[in-house]
Amino acid sequence: MFTGIVEELGTVGSIEHGTESAVLRIEGPLVASDAVHGASVAVNGVCLTVTGHDADGFSVDVMAETLSRSGLGSLRTGDRVNLERAMAASSRFGGHIVQGHVDGTATITERTPGDRWEVVTLSLPGALARYVVEKGSITVDGVSLTVSAVGPATFSVSLIPTTLELTTLGRKEVGDRVNLEVDVLAKYVERLLAHGQGAAGAAATKEES
């Protein structure tokens, strides 16, 4: 599990493409400092497993499903990526519950700069729209953010100077694709409500009979 607080801006050192997979070498000495084989690391919000490491970085395998459902498939050597190690049980919970399971992707449609901050507007996939609410949490490329506005097919987030400086979101341009993970609590609530309605309907039918 992660919290969406980016620890380090890494760099894609190399990409080895297979028929339906890829091996990424990520340069990130902070995250690599205590990496072990099998450890989980979020790369642009995607939970990946460390398969090799040294003092300067680590390697991960990326399967076809991940390449197609996230923005990792469009990475190139030299690209910067947001990195976060899995949260330790003793850590402060700085962001929100992030699983590292990407729900979909969005495109940046507008950037509106302020004096030291910036409002970024992104497309909102229809299948995810019901989980996105104003003042709710969302993960964009692995960054825990608060939704500042929701439109019919878009949502906006406000980026503070720290986020602009220390994550890839300060460098993304209009038209760029980003990974989205909605708040998992919203999905659990939806599932519980649907199950409850089904149980209530079954009980009513039984009473009628």
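For the structure itself, look to the data block above.
Residue numbers here run from 1 along each chain, matching the order of that chain's written sequence. Whole-chain, interface and lining totals are the exception, using all residues; otherwise, since this is a predicted model, local features are given only for residues with pLDDT of at least 70 and side-chain atom pairs are given and counted only at 80 or more. Excluded from the side-chain calculation are hydrogens and water; included are all heavy atoms of the structure.

## Quick word on the overall build of the protein
Item 1. When helices and strands are counted, the protein shows four helices and twelve strands.
Item 2. If you line up the protein on its principal axes, its C-alpha atoms span 70 × 45 × 40 Å.
Item 3. For the exposure calls, accessible area comes from a 1.4 Å probe over protein chains only, and a residue counts as buried if that area is under 20% of its type's maximum, exposed if over 50%, partly exposed in between. The 209 residues of the protein split such that 39% are buried.
Item 4. Contacts are residue-level and defined by heavy atoms, with any inter-residue pair within 4.5 Å sufficient. Look at the contacts in the protein between residues 6 or more apart in sequence, and 68% of them connect residues 24 or more apart.
Item 5. Here Asp and Glu are counted as negative and Lys and Arg as positive; His is not counted, and neither are the chain ends. Working definition for charges: the position is that of NZ of Lys, CZ of Arg, CG of Asp or CD of Glu. Of the side-chain charges in the protein, 16 are positive and 26 negative, and the distance between the mean point of each set is 3 Å. In this text, helices come from DSSP runs of H or I with a minimum length of four residues, and strands from runs of E with a minimum of two, each type numbered from the N-terminal end.

## Some thoughts on the sheet that holds strand 1 (residues 8-17)
Item 1. Paired strands, in this sense, are two strands between which DSSP finds at least two bridges. Here we have six strands rolled up into a closed barrel, ordered 1-2-5-4-3-6, and antiparallel in their pairing. Within the sheet, the average angular offset between the axes of one strand and its neighbour, ignoring direction, is 45 degrees.
Item 2. Across three bridges, strand 3 (residues 40-43) lies against strand 6 (residues 80-85) in antiparallel orientation. Residue pairing for strand 6: V41 is matched across the bridge by R85. Inter-axis angles, ranging from 0 to 180 degrees, are taken between N-to-C directions of lines fitted to C-alpha atoms, where helices are fitted over the stretch in contact.

## Points about the sheet that holds strand 8 (residues 118-123)
Item 1. Pairing in this closed barrel of six strands is antiparallel, and the strands run 7-8-11-10-9-12 around the ring. On average, each strand axis in the sheet is tilted by 45 degrees relative to the strand beside it, whichever way the strands run.
Item 2. Direction of pairing for strand 9 (residues 137-140) relative to strand 12 (residues 177-182): antiparallel, over a ladder of three bridges. When the bridges of strand 12 are listed, T139 appears paired with E181.

## Description of the pairing of strand 9
Item 1. One ladder, built from four bridges, connects strand 9 with strand 10 (residues 143-150); its direction is antiparallel. Opposite I138, over in strand 10, you have L145 as the bridge partner.

## Observations concerning the side chain of E118
Item 1. Within the secondary structure layout, E118 lies in strand 8.
Item 2. A relative accessible area of 15% means that E118 is categorised as buried.
Item 3. Side-chain atoms alone can form a polar contact between residues adjacent in sequence; in general such a contact is a pair of N or O atoms within 3.5 Å, and within protein one must be able to donate a hydrogen while the other accepts it. Only 2.7 Å separates the side chain of E118 from the side chain of R111, close enough to count as a polar contact.
Item 4. In this view, E118 contacts R111, T112, P113, V157, S158, L159 and L164; residues no more than four positions away in its chain are not counted.

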